Amino acid sequence: MSAKTLGPVRRKFAPWDDPSSKPLIEIRQVTKNFGSFTAVDDVSLNIYEREFFALLGPSGCGKTTLMRMLAGFEEPSAGQIIIGGQDMAGIPPHKRPVNMMFQSYALFPHMNVEKNIAFGLEMDKLPKGEIAARVQEMLKLVKLEQFAHRKPHQLSGGQRQRVALARAIAKRPKVLLLDEPLGALDKKLREETQFELLDLQMQLGMTFVIVTHDQDEAMTMADRIAVMDKGQFVQISPPAELYEHPQTKYVADFIGDINLLEGRVTKNERGRITLDSDVTGGVIDVHADSSAGAGDKAWFALRPEKAAISLLPPNDPQTNCAHGTVWDIGYVGDISVYHVRLDQGGSMRASIANTSRVVERPITWEDKVYLTWTPDSGVVLTK
Amino acid sequence: MFARGNQRWIVTAIPYAWMLVFFLVPFLIVLKISFSSTEIAQPPYSPTFDLINDVWVDTLEKLQALQFDNYKRLFTDSIYVESYLSSLWIAGTSTLMMLFLAYPIAYGMARAPKSIRPTLVMMVILPFWTSFLIRIYAWISILSEEGLLNSLLVSLGIIDEPMQILSTNTAVYIGILYSYLPFMVLPLYSALEKMDDSLIEAAKDLGCTQFQAFWRVTFPLSIPGVIAGCFLVFIPAVGEFVIPDLLGGSETLMIGKTMWEEFFNNRDWPAASAVAVALLIVLMIPIVIFQSNEARQQEMR
């Protein structure tokens, strides 16, 4: 990772918290039915200028349909889409101020790279000189100057991805839609490209809306993520909030790895919640906001990296502590994940960063261990 | 390893052997007859040289004695030149008409829901289940003066008197259009069907209307299918004999018909052979273009 130039520093950016900022894209109670199947079910969302927004969810959750409605390939069955203050109802794709980068890239196989990039500009009937200049600029931006005269089938996957990107941004749309833009690349290239896309978005000052099923991709790039399930938004939050404050079990489980410990709320006093849990056989003490009242069933959600693992018992083994046997160890390289079978029958995972270079770990299979955590390391979920 | 190499050689040799036995050898026989002179005998020609008996005897002398008369006649007797030109014209115009007819059909098939596409393809090739000859005879009964078409038009009051359609060039065009349509539709369909829908969407996204997207993306990408279809129709249509013979009249001049008359009516085998060899040479150019088009398509994949 030597002389790699880094893009501009990303500053704090949160127009969605500012009631005076005007959204660039307004999705108002949009529904899309295909026959009897509801792909998108009454969703509303504002996306702001210069935002990098991710629609995240498993396949079939409606994220692609929602994006296709923004592009104009599908019309909403109900509701309204407004882009830049203009209602998009009945406006065909070629008249919308958005461009799309397709999952398959959809490069025109009978045109070379240059012609592909120039396509949209030619359709706009720009002067020849301006088209040539813009194409050169785009080629430089995606570092494909030497490949201008190649046909798509003579390029590698990564190069094709860049051509598709260059073609989509050549018209300088207000909004760029990206449908699984990195899906076809291998892991290493994908990680590099994520940061390149981020830099590019900053540089161009464009609004990006990306559809992905890959949570890492969404977490790395997006300013905000909308997690979708069965045609609806489950949660719309910035990545860190999504990870640290999931609002439902679905989101907690979908983003990263998590332990969900079932219990019953015994007390909820202004952010201090106490649960009785059969899973740990003790009390769970949490500092978090939750609507759960005394007597409610709830789940304590704890990320594996926030649990400590020890051979020695803590001072108070009855609170925020679980006892069990190491059942399996997943060595990932940077971390090791310990799967612990609890005495009460359940199981928990704890992950520990491998900070020292020893092959023999002090805790191994069959060891009796204590898992502990602090009151503010997890959240309480009721659904 | 050795055995495998051997087997591969056999597999490669089979098509070559087939071509040698069923194409090259008969062609050489035709070539030989074309250099002979006519005889009233059985067979009705006297060979200029006999490949079996005296190949190497006085080869030079024999070559000088070759009868080029048959070929000279192709140029001196205007019926041959006219037949060739008329064949090329009829085949060319009907190929073009067929392209305009077949493209919308193929496009419609390729845009149809995936589930019904096999049925549509089936419907296109269904006529092949009936003999070609029978289908052409059926057209006689449709096109004749008391035929289905004329009686329909008369009963509808569109025309007062039955028209002369059978035994005209119009009937030949109808026959060719009908018979060769599947050969145009299928290559077009296969070119259009494998096209990625997202290409059209991308074109629209970049500012094309539906119509512009068709002309800038769909059509250019279907050109290999257009070329394949045109040649698959044009090449056999040039040499077509059955359709001009059964549906055409005395005005219809096509080289296949001329050759048949030369062979069976005039029993002039050498002249008929010369016509056949010349036809092959005429068709060599489109065949080579067709081949190179196919090769280029293979490369793109």
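Residues numbered from 1 in each chain as written. Chains lettered and ligands numbered in written order. Predicted model: local features only at pLDDT ≥ 70, side-chain atom pairs only at ≥ 80, totals over all residues. Heavy atoms only, no water.

## Details of a nonpolar patch on the surface
Residues and elements named next belong to chain B.
Next, step 1: Taken together, Trp18, Met19, Leu20, Val21, Phe22, Phe23, Leu24, Val25, Leu28 and Ile29 make up a surface patch of nonpolar side chains, about 980 Å² in accessible area.
Next, step 2: Along the chain, Phe22 falls in helix α1 (residues 2–34).
Next, step 3: A residue is classified by how much of its surface remains accessible, and Phe22, at 54% relative accessible area, is exposed. (Patch = residues over 30% accessible without salt bridge, like charges linked within 9 Å, V, L, I, M, F, W, Y side chains within 5 Å. Areas by Shrake-Rupley, 256 points an atom, 1.4 Å probe, with all protein chains shown as cover. Salt bridge = Lys/Arg side-chain N within 4 Å of Asp/Glu carboxyl O. Helix = DSSP H or I, 4+ residues; strand = E, 2+ residues; numbered from the N terminus. Buried < 20%, exposed > 50% of the residue type's maximum accessible area, 1.4 Å probe, protein only.)

## Brief notes about helix α1 (residues 63–71) of chain A
Next, step 1: Summarising burial for α1 of chain A: eight of the nine residues are buried, a large majority.
Next, step 2: Every buried residue of α1 of chain A is listed here: Lys63, Thr65, Leu66, Met67, Arg68, Met69, Leu70 and Ala71 of chain A.

## Comments concerning the packing of aromatic side chains
All names here are of chain B.
Next, step 1: By the definition in use, this model includes 24 aromatic pairs over all chains.
Next, step 2: Ring plane angle 40 degrees and centroid distance 5.5 Å describe the contact between Phe35 and Tyr71, whose orientation is recorded as tilted. Taken together, the residues span a long stretch of sequence, with Phe35 in the loop between α1 and β1 (37–38) and Tyr71 in helix α3 (residues 69–76) at a distance of 36 residues. For the pair Phe35 and Tyr71, a shared accessibility class is recorded, and that class is buried.
Next, step 3: Three or more aromatic residues joined by ring pairs form one cluster here, namely Tyr103, Tyr107, Phe211, Phe214, Trp215 and Phe219. (Phe/Tyr/Trp six-rings, centres within 6.5 Å; stacked < 30°, edge-to-face > 60°.)

## So, the sheet that holds strand β16 (residues 321–331) of chain A
All names here are of chain A.
Next, step 1: Read across the sheet, five strands follow the order β15-β19-β16-β17-β18 without closing on themselves; strand pairing throughout is antiparallel. Where the open sheet ends on each side, the last strands, each with one partner, are β15 (308–310) and β18 (347–353). Each strand of the sheet is rotated relative to its neighbour by a mean of 45 degrees, with strand direction disregarded.
Next, step 2: Of the strand pairs in this sheet, strand β17 (residues 335–342) and β18 are connected by seven bridges, and their pairing is antiparallel. Following the sheet pairing, Ser336 is matched in β18 by Ile352. (Pairing = 2+ DSSP bridges. Axes fitted to C-alpha atoms, helices over the stretch in contact; angles between N-to-C directions.)

## Focus: the environment of Ser222 of chain B
Residue and element names in this part refer to chain B.
Next, step 1: If you trace the backbone, Ser222 turns up in helix α10 (residues 210–238).
Next, step 2: Residue Ser222 is classed as buried on the basis of its relative accessible area, which comes to 0%.
Next, step 3: Distance from Ser222 to Ala17, taken between C-alpha atoms, is 35 Å for residues 205 residues apart in sequence.
Next, step 4: Ignoring sequence-local partners within four residues, the contact set of Ser222 consists of Tyr103, Ala191 and Leu192.
Next, step 5: Separated by 2.8 Å, the side chain of Ser222 and the backbone oxygen of Phe219 make a polar contact. (Contact = heavy atoms within 4.5 Å. Polar contact = N/O pair within 3.5 Å; in protein donor to acceptor, adjacent residues only side chain to side chain.)

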